[in-house]
Amino acid sequence: MFRYNIDDRQQAIRDRVTAFAKTNIEPFSKELDHRDDPDRFAMNIYQALAKEGFTALRMPKQYGGGGVSSIEYTTLIEELCYNDAAVCLLDAVTELATYPIYTFGTEEQKRKYVPKCASGEILPAFVLTEPAAGSDAVNQKTTAILEGDQWVINGEKIFIMHGDVADLFVLFVKVEGGGDDDKASRKISAILVEAKKDGKYIPGVKTATLKKKMGMRAATTGRIWLENVRVPKENLLGEVGKGFKIAMNTLDGARIGVAAQGLGIAQRALQESIDYAKKRICFGQPIGKFQAIQWMIADMATQIEAARMMAYKVSMMQDKGEKFSIEAAQAKLFATETAKFCVDRAMQIHGGYGYIGEFSPIEKLYRDQRIMEIYEGTSEIQRLVISGSYLR
Ligand SMILES: Cc1cc2nc3c(=O)[nH]c(=O)nc-3n(C[C@H](O)[C@H](O)[C@H](O)COP(=O)(O)OP(=O)(O)OC[C@H]3O[C@@H](n4cnc5c(N)ncnc54)[C@H](O)[C@@H]3O)c2cc1C
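Residues numbered from 1 in each chain as written. Predicted model: local features only at pLDDT ≥ 70, side-chain atom pairs only at ≥ 80, totals over all residues.

When cut into domains, the protein gives domain 1 (9–119), domain 2 (124–241) and domain 3 (245–391). The straight-line distance from the C-alpha centre of domain 1 to that of domain 3 is 20 Å. With 20 residues of domain 1 at the contact, the number on the domain 3 side is 21 residues. At the level of secondary structure, the elements contributing two or more residues to the side of domain 1 that touches domain 3 comprise helix 4 (70–83) and helix 5 (85–104). (Domains from an automatic or database assignment. Contact = placed C-beta atoms within 7 Å. Helix = DSSP H or I, 4+ residues; strand = E, 2+ residues; numbered from the N terminus.)

Okay, structure coming up:
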């Protein structure tokens, strides 16, 4: 279906994803969603994404990436999500975890890690959330203490995408004595942890795959325990006490990505609804002839257009180097709630055939969409960010 491009380069990305999806996503999508062994990371698809250059599309060229603009990256996520949101997440997590390294890392750190993340040689994870620190991310309990020339790390993390399989953790910790005042956010630092050596976890690292996840099943989510884990002093990312700033800056950009995820899933729900409304016959005519169905299609299409323009606008702001935190929060909030609206309407249009996964993809879209209103800042937190700025 027609998608409006505000930049000529967007169509090339759409065409690449469509070709990629035909051989690498479509044949495996159902199996990945319903497979019996959720512990098995979808490495074959991840490697195909890496080979195509999709895992590194936005990383700088000098570190092995594609060096594309934010608007091209937004388009990549939109189109991957249109095809399969869980496969899209495999891709998006690498950008989420690698962005802070190429933005805040030393030259040595960038050269050491970014090309390997870009090529799929190592799998990184963005490790912020803890059992008691989700929305309240400042409330970190994981600690790092400097002993000689090593950080000694203790704590527990939860809900980490690829946390159960990742080779490299971009880990957020509390450093006692860190920061230049008593403000809690200034105690937080970011440390790069090479979690595995020769394919095995280094001493003190333990992980588990979280089971019975509602959707996004091709991409695993993990829990991480760290007990007296020792990493070199030079693995600090940025300065001591700047970890919260690094995390929030990363999440600002990532929210544009989640807006694109919502957009892709909403567009797919609309397309499936249009196709179904033309072929499902009730009372002797296609259901698309009923005004009730026409209005649902009109509302979906209109909200999607608005979500699209918000996502593209904030991408352009990022490309121009403008401040975009508020617009990113607005785009994420609106696009993910649009996705919820659209998958819900799509299910209504499909009737019973929408509710049962073997008949249509709507049931999967419904499950995959739901997390988008929770991760990388819940809808409530987005509203706090937005209203805080307007009321200030
Ligand atoms: C599948 C999945 C993947 C994830 N991936 C990652 C990852 O890769 N890395 C990572 O670090 N984290 C990840 N997360 C964690 C995710 O970001 C958190 O779950 C999210 O930030 C919410 O935190 P919480 O679950 O602790 O909920 P809570 O913070 O406990 O929130 C519970 C409820 O209270 C509301 N609430 C909290 N504070 C306020 C407030 N001040 N005002 C109004 N309402 C409020 C929330 O909006 C929510 O509705 C992931 C989570 C999931 C489920």
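Let us now look at the site of the ligand. Neighbouring the ligand are 19 residues, the closest being L128, G134, S135, T378 and E380. For the shell around the ligand, the secondary structure elements donating two or more residues are strand 1 (124–127), strand 3 (150–161) and helix 12 (379–391). A per-class count over the shell around the ligand returns 11 nonpolar, 5 polar and 3 charged. Residues lining the shell around the ligand come from more than one domain, with at least three contributed by each of domain 2 (124–241) and domain 3 (245–391). (Near = placed C-beta within 6 Å. Nonpolar A, V, L, I, M, F, W, Y, C, P; charged D, E, K, R; others polar.)

Next up on the list: the nonpolar core. When a protein is soluble and globular, its nonpolar side chains tend to lie buried together. The biggest cluster of nonpolar side chains holds 121 residues, and the ones touching the most others in it are V170, I191 and A311. Among the elements that make up this core, the one with the highest residue count is helix 7 (residues 243–279) (15 residues). Residues in contact with I191, not counting those within four places in the same chain, are A144, W151, L171, V173, V231, N235, L236 and L237. (Core = buried A, V, L, I, M, F, W, Y, C linked by C-beta atoms within 7 Å. Buried ≥ 20, exposed ≤ 12 C-beta atoms within 10 Å, placed from the backbone.)

A separate point is helix 7. An ideal rise of 1.5 Å per residue puts 54 Å on 37 residues; helix 7 measures up with 54 Å between its terminal C-alpha atoms. Across the 37 residues that make up helix 7, a large majority, 28, are buried. (Expected span 1.5 Å × (residues − 1).)

In this section: the packing of helix 1 (residues 9–24) against helix 4. Running from amino to carboxyl end, helix 1 crosses helix 4 at an angle of 30 degrees, the nearest separation of the two axes being 9 Å. The pairing of helix 1 with helix 4 is recorded here as roughly parallel in orientation. The handedness of the crossing between helix 1 and helix 4 comes out as right-handed. On helix 4, the residues touching R9, Q10, I13, R14, V17 and A21 of helix 1 are I71, E72, T75, L76, E79, L80 and N83. Across the contact of helix 1 with helix 4, the residue classes tally to 6 nonpolar, 3 polar and 4 charged. (Axes fitted to C-alpha atoms, helices over the stretch in contact; angles between N-to-C directions. Parallel < 35°, antiparallel > 145°, perpendicular 65-115°, else oblique. Left-handed = near helix turned anticlockwise from the far one by under 90°.)

On to the environment of D84, then. Its location among the elements puts D84 in the loop between helix 4 and helix 5. Look at D84 and you get buried, because 29 C-beta atoms sit within 10 Å. In this structure the C-alpha to C-alpha distance between D84 and D33, which are 51 residues apart in sequence, comes to 9.8 Å. The residues contacting D84, other than those within four sequence positions of it, are I25, S29 and A218.

Let us now look at the packing of helix 5 against helix 7. The contact between helix 5 and helix 7 brings their axes to 10 Å, and the two run at 160 degrees. Here helix 7 runs roughly antiparallel to helix 5, going by the angle between their axes. Where helix 5 crosses over helix 7, the two elements pack in a sense that is right-handed. For the pair helix 5 and helix 7, contact is made by A85, C88, A92, E95, L96, Y99, P100 and F104 and by I246, T250, G253, A254, G257, Q261, G264 and I265, respectively. Looking at the contact of helix 5 with helix 7, its residues break down into 10 nonpolar, 5 polar and 1 charged.

What follows concerns the environment of W225. Among the structural elements, W225 can be located in strand 9 (residues 221–232). Its 16 C-beta neighbours within 10 Å are what place W225 among the partly exposed residues. As for W225 and M310, which are separated by 85 residues in sequence, their C-alpha atoms are 39 Å apart. The residues contacting W225, other than those within four sequence positions of it, are E156 and K206.

Even without being a glycine, M216 presents a positive backbone phi close to 50 degrees. Residue placement: M216 occurs in the loop between strand 8 (205–209) and strand 9.

All right, on to the pairing of strand 3 then. Bridge count between strand 2 (residues 143–147) and strand 3: 5 bridges; the pairing is antiparallel. Each bridged residue has a counterpart across the sheet, and for L146 the counterpart in strand 3 is W151. Bridging between strand 3 and strand 9 involves 9 bridges; their strand directions are antiparallel. Note on strand 9: the bridge partner recorded for I153 is V229. (Pairing = 2+ DSSP bridges.)

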